[in-house]
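# Inside the fold
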Amino acid sequence: MMLPDPEGPRELEGLRVLIVEDEPLIASSLEDVLTDLGCVVLGPALTMKDAIRLAREAQIDGASLDINIAGEKVYAVADILMERGIPFVFVTGYGKAGLRESDLSRPVLQKPYSLHRFVEIARRWR
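Note that this is a predicted model, so its numbers are computed, not measured.

Our focus in this paragraph is helix 3 (residues 75-84). For helix 3, the complete set of buried residues consists of Y75, V77, A78, I80 and L81. Backbone geometry just after helix 3 places G85 at a positive phi near 75 degrees.

Before going further, it helps to examine the sheet that holds strand 3 (residues 62-66). Spatially, 2-1-3-6-7 is the arrangement adopted by the 5 strands of the open sheet, whose pairing is parallel. Looking at strand neighbours, the two that pair on one side only are strand 2 (40-45) and strand 7 (108-110), the edges of this open sheet. For this sheet, the mean inter-axis angle between neighbouring strands, taken without regard to orientation, is 20 degrees. Sheet topology note: the strand 1 (residues 16-20)/strand 3 ladder contains 4 bridges and is parallel. Across the sheet, the residue bridging to L18 is A63, located in strand 3. Strands in contact with helix 4 (residues 115-123) are strand 3, strand 6 (88-92) and strand 7; relative to strand 7, the strand with the most contacts, it is inclined by about 170 degrees.

On to the packing of aromatic side chains. Two descriptors summarise a pair of aromatic rings, namely the distance from one centre to the other and the angle between the planes of the rings. If you walk through the whole model with that rule in mind, you get 4 aromatic pairs. With a centroid separation of 6.2 Å and 75 degrees between ring planes, the pair formed by Y75 and F90 is classed as edge-to-face. Of the two residues, Y75 is situated in helix 3 and F90 in strand 6; the sequence distance between them amounts to 15 residues. Cluster of aromatic residues (ring-pair linked, three or more members): Y75, F88 and F90.

About the criteria used
- Residues numbered from 1 in each chain as written.
- Predicted model: local features only at pLDDT ≥ 70, side-chain atom pairs only at ≥ 80, totals over all residues.
- Heavy atoms only, no water.
- Buried < 20%, exposed > 50% of the residue type's maximum accessible area, 1.4 Å probe, protein only.
- Helix = DSSP H or I, 4+ residues; strand = E, 2+ residues; numbered from the N terminus.
- Pairing = 2+ DSSP bridges.
- Axes fitted to C-alpha atoms, helices over the stretch in contact; angles between N-to-C directions.
- Contact = heavy atoms within 4.5 Å.
- Phe/Tyr/Trp six-rings, centres within 6.5 Å; stacked < 30°, edge-to-face > 60°.

Worth remembering: the numbers are spatial, not functional.
Have a look at this one:
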């Protein structure tokens, strides 16, 4: 993941993004990048318990969901976000192969992924 130019435009200014990721280094890197782009980061949620709580209670504009959180699938969080009408992107090492049939139309970023691609997806959350 490349960091954005801190002198560049903060194109996602004020966007509230939930990060659900169980790898602390990846979560921290994404949090840093999103903060540099002007986002308000919620989480990172490193466990399903925290992710479900935030998905239910937090004010969220969009979310980044790792499909596998400490051995559990993230689908309960995805379902809550869908019910609330909150857009999200799945992040996984498996690509679309790891998705449920009902999620195949959702955006997916395969790890390692391009920050530019993430920003393209996040722009649609406004």
